[in-house]
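For reference, the chains in residue letters:
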Amino acid sequence: MVLNEKRKDILHGILLVALFSCAAFYIGEIPVLEKLSISPLIIGIVFGMLYANSLRGRLPETWVPGIVFSSKQILRLGIILYGFRLSVKDIESVGMQAVMVDALIVCSTIFIGLAAGKMLKMDRGITLLTSIGSSICGAAAILGAESALKTKPYKTAVAVSTVVIFGTLSMFLYPLAYRNGLLGLSPEQMGVYAGATLHEVAHVVGAGNAMGGEISDTAIIVKMIRVMMLVPVLLVLGYAISRMRAKRSAEDSLAENDGRKGKISVPWFAFGFLGVIVFNSFVPLPSAGVDVINYADTFLLTMAMTALGMETDINKFKKAGPKPFLLAFILYVWLLAGGYAIVKYMAA
């Protein structure tokens, strides 16, 4: 009986998250927001934060396990299914040069982020989340890294907010600069530049559509190749965390929810993500089926974002201060200038 009650409580929490996520999807279909490429994931975390800072105290505390379940298990499933958006053919269509551009930008952005975070004396968790989010694929990468790092929800919310702000700015800046001839890039180069430096997949879609089909197609493929790089980054991150746990106490910010030392933190869902990509490459499903899976996956990721928002108190957000946004700005400048230099050099 007690077990059944616990399951009911978990189910109540999951249903609450699902209800907010449905609202996020509905709001996201408003023409103005669709035109701005504001994804349901972003709307979901905003709804979750509004709930956390208004209604949270009025609902049963026993529903919290369901919210946590959504931010952990459902998140991992969403990351795995994200692999259906990718295939090996995507790499072949743009060539190894674009892959090298992606690799250089991902590695350099994470390195610069860690160095800048250390100089700013920032919390390691927020530094890593912001750096990985800026370097790979925004909110989805932050969610994947959060699952490996096991940081507090408010840190995830802070990191997500930074990539949303600067990614959205670029979504309008890139088309404006390209149409006015300020960049001096060919359509193919512009597609690589946009795909390799814009934060969110939604930002790439929005900016690409504003610059034309040729640029959009290349940008999306380059972006999805960049998404694939989440797997090696998570594996390296898991190894690094295990090393740090062996040297530091359980109070370290990277192990705040887990006192274990020395064990290798293997993000198993990263292998699931990679396995789905391989499956999608060699056993292609009908396009209609993939569309359904992608739609369901977006909903699962929206649930995860909503749940994380529900665990984010605005006071903790204030506690983080302006440093995360300064870090995100530094990385943003690097993506604009450094990414441009890399694309021009690789094309020379």
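Definitions and cut-offs
- Think of each chain on its own: its residues are numbered from 1, step by step along the sequence as written.
- Two thresholds apply to this predicted model, a pLDDT of at least 70 for residue-level local features and 80 or more for giving and counting side-chain atom pairs, whereas whole-chain, interface and lining totals are computed over all residues.
- Remark: hydrogens and water are excluded; side-chain values derive from all non-hydrogen atoms of the structure.
- Helical segments are the DSSP runs of H or I of at least four residues, strand segments are the runs of E of at least two, and each set is numbered from the N terminus.
- Per-residue accessibility, obtained with a 1.4 Å probe over protein chains only, is compared with the maximum for each type, and a residue is labelled buried under 20%, exposed over 50%, and partly exposed between these values.
- Under the convention used here, a 1.4 Å probe and the Shrake-Rupley method define accessible areas, while residue burial counts only the protein chains that appear.
- Put simply, a patch holds well-exposed residues, over 30% relative accessible area, that have no salt bridge, with like charges counted together within 9 Å and Val, Leu, Ile, Met, Phe, Trp or Tyr side chains within 5 Å.
- Each reported salt bridge corresponds to a side-chain nitrogen of Lys or Arg within 4 Å of a carboxyl oxygen of Asp or Glu.
- Whenever a helix is involved, its axis is fitted only over the stretch in contact; in every case the axis is a line through C-alpha atoms, and angles between N-to-C directions fall within 0 to 180 degrees.
- Each angle is binned into one of four classes, with values under 35 degrees roughly parallel, values over 145 roughly antiparallel, values of 65 to 115 roughly perpendicular, and all other values oblique.
- Handedness of a crossing is defined here by the sense of rotation of the near helix relative to the far one, left-handed for an anticlockwise turn of less than a right angle and right-handed for a clockwise turn.
- By the convention used here, residues are in contact when the closest approach between their heavy atoms is within 4.5 Å.
- In this classification, the charged set is Asp, Glu, Lys and Arg, the nonpolar set is Ala, Val, Leu, Ile, Met, Phe, Trp, Tyr, Cys and Pro, and all remaining amino acids, among them Gly, are polar.
- Note on ring pairs: Phe, Tyr and Trp rings are taken, using the six-membered ring of Trp, and paired if centres are within 6.5 Å. Classes follow the plane angle, with under 30 degrees stacked, over 60 edge-to-face and the rest tilted.

*Asks:* Looking at this structure, how should I read the overall build of the protein?
*Replies:* When you go through the protein residue by residue, the secondary structure sums to 17 helices and zero strands. Per-residue burial for the protein yields a buried fraction of 54% across its 348 residues. Of the accessible surface of the protein, which amounts to about 15,700 Å², a share of 69% is contributed by carbon and sulfur atoms.

*Asks:* What is the right way to look at a nonpolar patch on the surface in this model?
*Replies:* There is a patch of nonpolar side chains on the surface, built from V88, L274, V278, F279, F282, V283 and L285 and spanning about 580 Å² of accessible area. For the nonpolar patch, the element with the highest residue contribution is helix α14 (residues 268–282), accounting for four residues. Considering the arrangement of structural elements, one finds L274 in helix α14. The exposure class of L274 is partly exposed, given its relative accessible area of 38%.

*Asks:* Mind showing me how you'd approach the packing of helix α9 (residues 153–179) against helix α11 (residues 201–211) here?
*Replies:* When two helices pack together, their arrangement is given by the angle between the helix axes and by the axis-to-axis distance. One way to put it is that α9 packs onto α11 with a least axis distance of 9 Å and a crossing angle of 15°. Classified by the interaxial angle, the pair formed by α9 and α11 is roughly parallel. Between α9 and α11 the crossing geometry is right-handed. Side by side, α9 and α11 meet where V163, V164, G167, T168, M171, Y174, P175, Y178 and R179 of the first sit next to A202, H203, G206, A207, A210 and M211 of the second.

*Asks:* Sorry, what's going on with unusual backbone geometry here?
*Replies:* A negative phi angle is the norm for most residues apart from glycine, just as the trans form is the norm for most peptide bonds. The backbone of K121 shows a phi angle near 55°, a positive value even though the residue is not glycine. Residue position: K121 is located in the loop between α6 (96–119) and α7 (124–135). Given the relative accessible area of 72%, K121 is considered exposed.

*Asks:* What is the right way to read the pattern of salt bridges from this model?
*Replies:* Pairing is possible between side chains of opposite charge, provided their charged atoms come close. If you walk through the whole model with that rule in mind, you get two salt bridges. Taking the shortest distance from any N to any O, the salt bridge between R85 and D297 comes out at 3.1 Å. One end of the pair, R85, is in the loop between α4 (64–81) and α5 (88–94); the other, D297, is in helix α15 (residues 287–310), with 212 residues separating them in the sequence. Classification of D297 as buried rests on a relative accessible area of 0%. Salt-bridge contacts for D123 lead to K155; the nearest nitrogen and oxygen are separated by 2.9 Å. Placement of the pair is D123 in the loop between α6 and α7 and K155 in helix α9, with a sequence separation of 32 residues. D123 sits in the partly exposed class, given a relative accessible area of 25%.

*Asks:* Would you mind showing me how to read the packing of α6 against helix α12 (residues 213–228) here?
*Replies:* The geometry of α6 relative to α12 is characterised by a closest axis approach of 9 Å and an angle of 50° between their N-to-C directions. By the angle between their directions, the pair α6 and α12 is classed as oblique. With respect to the hand of their crossing, α6 and α12 are arranged in right-handed fashion. Across from A98, V99, D102 and V106 in α6, the residues of α12 making contact are V222, I225 and R226. Among the residues making up the contact of α6 with α12, the classes are represented as five nonpolar, no polar and two charged.

*Asks:* Could you clarify how one ought to interpret the packing of aromatic side chains in this entry?
*Replies:* Describing an aromatic ring pair means giving the distance of the ring centres and the angle of the ring planes. Under the counting rule described, the total for this entry stands at eight aromatic pairs. Centroid distance Y193 to Y340: 5.9 Å. Interplanar angle 80°. Geometry classified as edge-to-face. One end of the pair, Y193, is in helix α10 (residues 187–197); the other, Y340, is in helix α17 (residues 323–347), with 147 residues separating them in the sequence. Taking relative accessible area as the criterion, Y193 reaches 3% and is therefore assigned buried. Given the relative accessible area of 24%, Y340 is considered partly exposed. In this structure an aromatic cluster arises from ring pairing among F25, Y295 and F299.

*Asks:* Any chance you could explain the side chain of T218 here in plain terms?
*Replies:* Relative to the assigned elements, T218 resides in helix α12. With sequence-adjacent residues up to four places away left out, T218 is seen in contact with E188, G191 and V192.

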